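Residues per chain, in single letters:
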Amino acid sequence: MKVVITISPGNSGGGAVHDFINSNTNYTSPFYGHEFRLLQDPDGLLNLYNNFFENFTLNNSSNALNKFKIYIDSLSQLKMKVNNQDVKIYNKKISELSRKYIKKIITIEYSALPQFYSLQLSFFEKVYLKIKSKLLNKKKNHQNKIKMVVPVEKKIFIKETKKFLQKLIKIQLKKKNNKIILDQSVSVLDYNKIFDFFDNLKIIIVTRDPRSVFYSMKSRSSNAFPGQDIKKFVIWYNFMMKKFYLNFKRNSKNPKILKINFEDFVSNIEIKNRILKFINEKETENKFNFSKSKQNAYKAKSLLSINEQNYIKRKLKPFLQW
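My aim in this report is to walk through the structure given alongside it, one point at a time.

**Observations concerning the sheet that holds strand β7 (residues 200–207)**
Phase 1: Within the open sheet, the four strands sit side by side as β6-β1-β7-β8. Their pairing is parallel. Each end of this open sheet is capped by a strand with a single partner; those strands are β6 (179–183) and β8 (257–261). Strand-to-strand twist across the sheet, computed as the mean angle between neighbouring axes with direction ignored, equals 20°.
Phase 2: Bridge count for strand β1 (residues 2–7) against β6 is five bridges, and the pairing is parallel. Looking at β6, one finds that K2 is bridged to K179.
Phase 3: The sheet contacts of helix α11 (residues 269–278) involve β7 and β8, and relative to β8 the element is tilted by about 165°.

As structure tokens, this is what we get:
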């Protein structure tokens, strides 16, 4: 399976590049064109990996797995707009696949009620557990609330996670296809580990002029970003991009990573051709609307106030792209 992942710092055009590849080539987006965040979200697979191996304690591993289960249950119910209709994004088999996967990444599990967990229980939950313990066999601890787990070895975890991801993607496909495009499946600040979970992976990183990013966040009222306060936005953007470029510098020679600017993508046909060459693909359709994307790319020039534009130009000069 060939996998391409588009990533960006937020409102930076990664989704547009994803849409171009999905609509104009033989690559397909399994999740109805929506972001696939199972890996990078706080309770997702990479968090599980980190707490199983890089930050391991029994409490950390158990808490991470417990939250992963809750997260999967939420994903199984996730509905988003597809052709103006609310559609469940994930195949109903995700819950079954996840249960089987979890069994393969732990060596033992047992019920317990560690202090960190009991502290978070509500008053009524604590009362319920005490009553349950008194009514049932007192020799057994009926106050146990969470499953404590010991993970398998790292190489087994990676092997089983690869299988899980492949199965999850395959059940999403209406037609068999070994060329997959995913959007925002890993953070622009840390994308090294994800290469362990796909055998044939390439990453396209998309950056954008901060004035356009701010306008996009402001006009969309983006809930996840500071788009309503220009001073907070500048601090946020500066912090994010410094970390991004530090990480990118370490990986700039990786032939499986391509970085492009969004403004160049919508204005220069050579960037489109560079993308196609990078993913070793020919353009089979002509559905992506470059003219519309180009108009959107530069809306900030006319729709941000002069004061806003000048403030960002002054504070974020190293990151300007137009």
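**As for the layout of surface pockets**
Gaps between atoms show up when a probe of the same size as a water molecule is rolled over them.
Phase 1: Roughly 1300 Å³ of internal volume is contained in the largest pocket.
Phase 2: Surrounding the largest pocket, 46 residues form its lining, N11, E35, D183, Q184 and R220 being those nearest its centre.
Phase 3: For the lining of the largest pocket, the secondary structure elements donating two or more residues are α1 (14–24), α3 (58–76), α8 (210–220) and α12 (290–297).
Phase 4: Sorting elements by how many residues they give to the lining of the largest pocket places α1 first, with five residues.
Phase 5: Class assignment of the residues belonging to the lining of the largest pocket gives a composition of 16 nonpolar, 21 polar and nine charged.
Phase 6: Along the wall of the second largest pocket there are 17 residues; nearest its centre are N22, Y27, T28, S29 and N177.
Phase 7: Taken together, the residues of the lining of the second largest pocket break down into four nonpolar, nine polar and four charged.

**Considerations on the packing of aromatic side chains**
Phase 1: Under the definition given, this model contains 30 aromatic pairs.
Phase 2: With 5.1 Å between their ring centres and 45° between their planes, F31 and Y90 make a pair best called tilted. Here the residue F31 occupies a position in the loop between α1 and α2 (45–54), and Y90 occupies one in the loop between β3 (85–88) and α4 (94–104), the gap between them amounting to 59 residues.
Phase 3: Residue F31 is classed as buried on the basis of its relative accessible area, which comes to 0%.
Phase 4: Taking 4.9 Å as the distance between ring centres and 80° as the angle between the ring planes, the aromatic pair formed by F288 and F290 counts as edge-to-face. The burial state of F288 is the same as that of F290; both residues are buried.
Phase 5: Grouped by ring-pair contacts, the aromatic residues F214, F225, F233, W236, Y237, F244, Y245, F248 and F319 constitute a single cluster.
Phase 6: When the ring centre of F278 is taken as reference, the NZ or CZ atom of K202 above it lies at 5.1 Å.
Phase 7: The residue whose ring lies beneath R211 is W322, and the NZ or CZ to ring-centre distance is 3.6 Å.

**Considerations on the side chain of E263**
Phase 1: Topologically, E263 is positioned in helix α10 (residues 262–267).
Phase 2: Put simply, E263 is tucked away with no salt bridge, and the nearest opposite charge, on R208, sits 4.4 Å away.
Phase 3: Here Q321 takes part through its side chain, which lies 2.8 Å from a polar atom of the side chain of E263.
Phase 4: With sequence-adjacent residues up to four places away left out, E263 is seen in contact with T207, R208, D209, S212, A297, Y298, Q321 and W322.

**Some words on the packing of helix α9 (residues 230–251) against helix α14 (residues 306–315)**
Phase 1: Where α9 contacts α14, the axes come no closer than 11 Å and their chain directions differ by 30°. It follows from the interaxial angle that α9 and α14 lie roughly parallel. The chirality of how α9 crosses α14 is right-handed. Side by side, α9 and α14 meet where I230, K231, F233 and V234 of the first sit next to E308, Y311, I312 and K315 of the second.
Phase 2: Classifying every residue of the contact of α9 with α14 by side-chain character gives five nonpolar, no polar and three charged.

**Topic: the pattern of salt bridges**
Phase 1: On inspection of all chains with the given rule, the structure shows twelve salt bridges.
Phase 2: The closest approach of N and O atoms between E35 and R37, which form a salt bridge, is 3.1 Å.
Phase 3: For E35, a relative accessible area of 38% gives the class partly exposed.
Phase 4: Its relative accessible area of 28% is what places R37 among the partly exposed residues.
Phase 5: Two residues, R211 and D209, come together in a salt bridge whose shortest N-O distance is 2.7 Å. This pair shows no difference in class: R211 is buried, exactly as D209 is.

**Re unusual backbone geometry**
Phase 1: A positive phi angle, close to 55°, is found at N83, a residue other than glycine.
Phase 2: Turning to its location among the elements, N83 is positioned in the loop between β2 (79–82) and β3.
Phase 3: For N83, a relative accessible area of 71% translates into the label exposed.
Phase 4: A positive phi angle, near 55°, is found at Q184, a position not held by glycine.
Phase 5: In this fold, Q184 is placed in the loop between β6 and β7.

About the thresholds
- Residues numbered from 1 in each chain as written.
- Predicted model: local features only at pLDDT ≥ 70, side-chain atom pairs only at ≥ 80, totals over all residues.
- Heavy atoms only, no water.
- Pairing = 2+ DSSP bridges.
- Helix = DSSP H or I, 4+ residues; strand = E, 2+ residues; numbered from the N terminus.
- Axes fitted to C-alpha atoms, helices over the stretch in contact; angles between N-to-C directions.
- Contact = heavy atoms within 4.5 Å.
- 1 Å grid on protein atoms, 1.4 Å probe; cavity = no way out; pocket = protein on both sides within 12 Å on 5 of 7 lines; lining within 4 Å.
- Points joined across faces, edges and corners; volume = space filled by probe spheres on them.
- Nonpolar A, V, L, I, M, F, W, Y, C, P; charged D, E, K, R; others polar.
- Phe/Tyr/Trp six-rings, centres within 6.5 Å; stacked < 30°, edge-to-face > 60°.
- Buried < 20%, exposed > 50% of the residue type's maximum accessible area, 1.4 Å probe, protein only.
- Lys NZ or Arg CZ within 6 Å of the ring centre and 35° of its normal.
- Lys, Arg positive; Asp, Glu negative; His and termini not counted.
- Salt bridge = Lys/Arg side-chain N within 4 Å of Asp/Glu carboxyl O.
- Polar contact = N/O pair within 3.5 Å; in protein donor to acceptor, adjacent residues only side chain to side chain.
- Parallel < 35°, antiparallel > 145°, perpendicular 65-115°, else oblique.
- Left-handed = near helix turned anticlockwise from the far one by under 90°.

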